[in-house]
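Coordinates in review
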Amino acid sequence: MKKKLKTLFSNLCCSVCKTGFDEDSIIIKREEAGLSVVNLVCKSCGKNFGIAFLGFSNIEVKNDSDLAFEVQEGPEPISYDDVIEAHRFIKNLDEHWADHLPKS
């Protein structure tokens, strides 16, 4: 599991001091079948990036590039108005919240 996590964060760096993340930056809080709860902390400046819930399958990682992510440009950055609109939408959800999910 540690190898998958290291690979997942290997091409990222701290937004404060630009130090790259490695195995020492990842603190595994809990592991269950298919789910890991991890905390990402910069080993250089101590910036805490919070807790992440990560779901993994039981695939074997033979090549680190199998897990590599590419940064993709979106249509436009999220604005403050977008955040406020999302907040209001979530705040007003009721017991029929599942009606807003895409039908599969």
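Before any of the text, the structure's been laid out above.
Residues numbered from 1 in each chain as written. Predicted model: local features only at pLDDT ≥ 70, side-chain atom pairs only at ≥ 80, totals over all residues. Heavy atoms only, no water.

**Re the overall build of the protein chain**
- The secondary structure content of the protein chain amounts to 2 helices and 3 strands.
- Reading the protein chain from its N terminus to its C terminus gives the helix and strand order α-β-β-β-α.
- Among the 104 residues that make up the protein chain, the fraction classed as buried is 19%.
- By sequence separation, contacts in the protein chain at least 24 residues apart represent 35% of the contacts at least 6 residues apart.
- Carbon and sulfur atoms form 54% of the exposed surface of the protein chain, whose accessible area is close to 8500 Å². (Helix = DSSP H or I, 4+ residues; strand = E, 2+ residues; numbered from the N terminus. Buried < 20%, exposed > 50% of the residue type's maximum accessible area, 1.4 Å probe, protein only. Contact = heavy atoms within 4.5 Å. Areas by Shrake-Rupley, 256 points an atom, 1.4 Å probe, with all protein chains shown as cover.)

**Considerations on the pairing of strand β3 (residues 48–55)**
- Two strands pair when backbone bridges link them, and strand β2 (residues 35–41) and β3 are joined in this way by 6 bridges, in the antiparallel orientation. The residue bridging Val-38 from the neighbouring strand is Ala-52, located in β3.
- Taking the residues that link successive antiparallel strands as the turn, the β2-β3 hairpin has 6 residues, and the phi of Gly-46 there is positive, at about 85°. (Pairing = 2+ DSSP bridges.)

**Digging into unusual backbone geometry**
- In the Ramachandran plot, Lys-18 falls in the positive-phi region, its phi being about 70° despite a non-glycine side chain.
- By secondary structure assignment, the location of Lys-18 is in the loop between α1 (2–9) and β1 (26–32).

**As for the environment of Gly-20**
- Positionally, Gly-20 belongs in the loop between α1 and β1.
- By relative accessible area, Gly-20 is classed as partly exposed at 37%.
- Spatially, the C-alpha atoms of Gly-20 and Phe-9 are 8.5 Å apart, while their sequence positions differ by 11 residues.
- Ignoring sequence-local partners within four residues, the contact set of Gly-20 consists of Leu-12, Cys-13, Ser-25 and Lys-43.

**What to know about the nonpolar core**
- Counting residues in each nonpolar core, the largest one holds 10 residues, listed as Leu-5, Leu-8, Phe-9, Cys-14, Phe-21, Ile-26, Val-38, Leu-40, Cys-42 and Leu-54.
- Counting residues per element, the ones that place at least two in this core are α1 and β2.
- The element that contributes the greatest number of residues to this core is α1, accounting for 3 residues. (Core = buried A, V, L, I, M, F, W, Y, C linked by side-chain atoms within 4.5 Å.)

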